[in-house]
Amino acid sequence: MKDNIIYIDSYVLQQDMRIRLPKSIISNMDVKKGETFFDIYLDKDEDCLILKKKKTEDEK
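Residues numbered from 1 in each chain as written. Predicted model: local features only at pLDDT ≥ 70, side-chain atom pairs only at ≥ 80, totals over all residues. Heavy atoms only, no water.

Our focus in this paragraph is the overall build of the protein chain. Counting its secondary structure elements, the protein chain contains 1 helix and 2 strands. Listed by position from the N terminus, the elements making up the protein chain come as α-β-β. The C-alpha extent of the protein chain, read off along each of the three principal axes, is 35 × 25 × 20 Å. With 60 residues in all, the protein chain has 7% of them scored as buried. Sequence separation of at least 24 residues holds for 11% of the intrachain contacts in the protein chain that already meet a minimum separation of 6. (Helix = DSSP H or I, 4+ residues; strand = E, 2+ residues; numbered from the N terminus. Buried < 20%, exposed > 50% of the residue type's maximum accessible area, 1.4 Å probe, protein only. Contact = heavy atoms within 4.5 Å.)

Structural data, given as structure tokens:
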């Protein structure tokens, strides 16, 4: 894994396939509940999911 990855917390995958994000995401990233979208990537070599904040039209 890359050196610039920061461990935040562990959460269980919910029965309805949701993943709860820790509240520290809101204070550490420019995101808003119910508004911010994330792109989801799978790193097959590392067997991990990567969530990236989706860029809005303003940020492109």
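So much for the structure itself; the text now carries on.
The next subject is the packing of aromatic side chains. This model, assessed by the stated rule, comprises 0 aromatic pairs. Sitting over the face of the ring of Y41, K52 holds its NZ or CZ atom 5.6 Å from the ring centroid. (Phe/Tyr/Trp six-rings, centres within 6.5 Å; stacked < 30°, edge-to-face > 60°. Lys NZ or Arg CZ within 6 Å of the ring centre and 35° of its normal.)

The grouping of L13, M17, I19, L21, I40, L42, L49 and L51 at the surface amounts to a nonpolar patch, some 820 Å² of accessible area in total. Here L51 is to be found in strand 2 (residues 48-53). Exposure remark for L51: the relative accessible area of 40% places this residue in the partly exposed category. (Patch = residues over 30% accessible without salt bridge, like charges linked within 9 Å, V, L, I, M, F, W, Y side chains within 5 Å. Areas by Shrake-Rupley, 256 points an atom, 1.4 Å probe, with all protein chains shown as cover. Salt bridge = Lys/Arg side-chain N within 4 Å of Asp/Glu carboxyl O.)

Let us now look at the confidence of the model for the protein chain. Any segment with low pLDDT has predicted coordinates that should not be analysed in fine detail. Confidence in the prediction for the protein chain averages 89 pLDDT; 95% of positions are at 70 or higher. Looking at the elements of the protein chain, mean pLDDT is at its lowest for helix 1 (residues 24-28), recorded as 89, and at its highest for strand 1 (residues 38-43), recorded as 95. (pLDDT = per-residue confidence, 0-100.)

Note: strand 1 against strand 2, 6 bridges, orientation antiparallel. Along strand 2, the bridge assignment pairs F38 with K53. If you look at the hairpin formed by strand 1 and strand 2, you'll find 4 residues sitting between the two strands, and D47 has a positive phi there, around 55 degrees. (Pairing = 2+ DSSP bridges.)

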